[in-house]
Amino acid sequence: MSTNHGQTYLKSRLDALPTSPGVYRMLDEADNLLYVGKAKNIKNRVTQYTNDARLTRRIAQMVFHTRELMVVETATEAEALLLEIQLIKSLKPKYNIIFRDDSSYLKIVITDEEAPQIRSHRGKAKPKGQAF
């Protein structure tokens, strides 16, 4: 599948993109949200979408339909990750396949024990302690 239209648009935006961490959203011509992504360096990450040889069929299709790119800069990559998760959960973009279900991503838990511990948790069961 040719990604020419979307790639042309993304290439036209590259010079204006920040090199800071943040979150980007790709929309189609009807302003439907296609994808939410995060990056340590937004410009470098979006540049990767302009190389046909490195795109899977699914991603090439997403890029083909992209007509708008929205960018939110964050102070840190961790802040970008939290914002990405929040946006994916609330907006449910077509091409995002992770973070849609709370049980599918990792949580950090500080246990409610006499000597609290830091543990990882994945699943629907509510962990005992404070989860992040």
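This text follows the structure it describes.
All values derive from a computational prediction rather than experimental measurement.

Our focus in this paragraph is the nonpolar core. The nonpolar side chains of soluble globular proteins are, as a tendency, buried together. Core analysis: the largest hydrophobic core is formed by 19 residues, its most contacted members being Leu10, Met26, Tyr35, Tyr49, Met62 and Leu69. Residue contributions to this core peak at four residues, all from helix α3 (residues 57–65). Other than its neighbours up to four places away in sequence, Tyr35 contacts Tyr24, Arg25, Met26, Tyr49, Met62, Pro93, Tyr95 and Asn96. By size, the runner-up hydrophobic cluster in this structure holds seven residues, among which are Val23, Val36, Leu87 and Ile88.

Residue placement: Gln7 occurs in helix α1 (residues 4–13). Judged by its relative accessible area of 6%, Gln7 is buried. A polar contact of 3.2 Å, which involves the side chain of Gln7, links it to the backbone oxygen of Tyr49. There is a polar contact of 3.5 Å between the side chain of Gln7 and the backbone oxygen of Thr50. Contacts of Gln7, omitting those with residues within four sequence positions, involve Tyr49, Thr50, Asn51, Asp52, Leu55 and Val63.

Further remarks concern the layout of surface pockets. A volume near 190 Å³ is recorded for the largest pocket. For the largest pocket, the lining is made up of 14 residues, of which Tyr35, Arg45, Tyr49, Arg58 and Ile59 are closest to its centre. For the lining of the largest pocket, the secondary-structure elements that each account for two or more residues are α2 (42–48) and α3. Of the residues assigned to the lining of the largest pocket, the class counts are seven nonpolar, three polar and four charged.

Conventions used here
- Each chain carries its own residue numbering, running from 1 in the written order of its sequence.
- Two thresholds apply to this predicted model, a pLDDT of at least 70 for residue-level local features and 80 or more for giving and counting side-chain atom pairs, whereas whole-chain, interface and lining totals are computed over all residues.
- Here the side-chain values reflect all heavy atoms present in the structure, with hydrogen atoms and water set aside.
- For this analysis, a nonpolar core means a set of buried residues of the types Ala, Val, Leu, Ile, Met, Phe, Trp, Tyr and Cys, connected via side-chain atoms within 4.5 Å.
- Each residue is assigned to one of three classes by its accessible area relative to the maximum for its type, calculated with a 1.4 Å probe on protein chains only: buried under 20%, partly exposed between the two thresholds, exposed over 50%.
- Every helix listed is a DSSP run of H or I at least four residues long, and every strand listed is a run of E at least two residues long, numbered separately from the N terminus.
- Only heavy atoms enter the contact rule, under which two residues are in contact if any of them lie within 4.5 Å.
- Throughout this description, a polar contact denotes any pair of N or O atoms lying within 3.5 Å of each other; where both atoms belong to protein, one of them has to be capable of donating a hydrogen while the other can accept it, and for residues adjacent in sequence the pair is counted only when both atoms sit in side chains.
- Of the two site types, the cavity is a set of points on a 1 Å grid over the protein atoms alone where a 1.4 Å probe fits but cannot get out, and the pocket is an open set with protein on both sides within 12 Å along at least five of seven lines, each lined by residues with an atom within 4 Å of a point.
- Grid points are joined across faces, edges and corners, and a volume is the space filled by probe spheres set on the points.
- Polarity classes work like this: nonpolar for Ala, Val, Leu, Ile, Met, Phe, Trp, Tyr, Cys and Pro, charged for Asp, Glu, Lys and Arg, and polar for all others, with Gly in that last group.

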